[in-house]
Amino acid sequence: MPAPASEPADPRTQTLEAMLSSARANRLAGNLVQAEATLESALRIDPGEARLWLELAETLLAAGDYAAAQSFAERAMSLAGRNIQVRNDAMRIRNLSER
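Everything numeric here is computed off the predicted structure, so don't read it as measured data.

Undergrad: Residues and numbers for the overall build of the chain, please.
TA: Helices and strands together make up the secondary structure of the chain, namely 5 helices and 0 strands. Reading the secondary structure of the chain in the N-to-C direction produces α-α-α-α-α. A principal-axis box enclosing the C-alpha atoms of the chain has dimensions of 55 × 30 × 20 Å. For the chain, the residues scored as buried account for 33% of the 99 residues in total. A separation of at least 24 residues holds for 48% of the contacts in the chain among residues at least 6 apart in sequence. For the chain, the computed accessible surface area is about 6100 Å², with 52% contributed by carbon and sulfur atoms.

Undergrad: Give a description of the side chain of T38 that names residues and reports values.
TA: Assignment of secondary structure puts T38 in helix 2 (residues 32–45). Discounting residues that sit within four places of it in the chain, T38 has contacts with M19, S22 and A23.

Undergrad: Let's hear about the nonpolar core: which residues, and what values?
TA: Membership of the largest hydrophobic core comes to 24 residues, with the highest contact counts inside it found for L52 and I93. Counting residues per element, the ones that place at least two in this core are helix 1 (11–28), helix 2, helix 3 (50–62), helix 4 (66–79) and helix 5 (84–97). Looking at this core element by element, the count peaks at 8 residues for helix 3. Not counting residues within four places of it along the chain, the set of residues in contact with L52 comprises L16, L20, L39, A42, L43 and D46.

Undergrad: Which residues make up helix 5, and what values go with them?
TA: Because an α-helix packs 3.6 residues into every turn, residues spaced three or four apart end up facing the same way. Here helix 5 contains 14 residues, and its C-alpha end-to-end distance of 20 Å stays within 8% of the 20 Å for a straight helix at 1.5 Å per residue. Within helix 5, burial applies to V86, A90, I93 and S97. For helix 5, the angular spread of buried residues about the axis comes to 60°, placing them on one side. For helix 5, the exposed residues lying more than 90 degrees away from the buried face are I84 and Q85. The opening residue of helix 5 is N83, an N-cap whose side-chain oxygen sits 3.2 Å from the backbone nitrogen of Q85.

Cut-offs used in this document
- Residues numbered from 1 in each chain as written.
- Predicted model: local features only at pLDDT ≥ 70, side-chain atom pairs only at ≥ 80, totals over all residues.
- Heavy atoms only, no water.
- Helix = DSSP H or I, 4+ residues; strand = E, 2+ residues; numbered from the N terminus.
- Buried < 20%, exposed > 50% of the residue type's maximum accessible area, 1.4 Å probe, protein only.
- Contact = heavy atoms within 4.5 Å.
- Areas by Shrake-Rupley, 256 points an atom, 1.4 Å probe, with all protein chains shown as cover.
- Core = buried A, V, L, I, M, F, W, Y, C linked by side-chain atoms within 4.5 Å.
- Expected span 1.5 Å × (residues − 1).
- Arc of directions from axis to C-beta.
- Polar contact = N/O pair within 3.5 Å; in protein donor to acceptor, adjacent residues only side chain to side chain.

This is the structure:
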């Protein structure tokens, strides 16, 4: 008996995932301005998505904006709920930005 087909993700979720992936790739490539712009656009779509705030914190940490990185890491933590990975990563960023 074939496995039941999983439901496709809704277009909004697909868009946000693509934007998050693009921003992460840009950050890792050193294109911090483009990463930040992509994340700001994504946050206009879903300001309650903790992973977007976390990636923005990562981007600003890489740019040397420690105060903003700390602030956005705290925002990610407040939205993370039970997502331990987001909470741990946000705590790491917060600790790094306090230096």
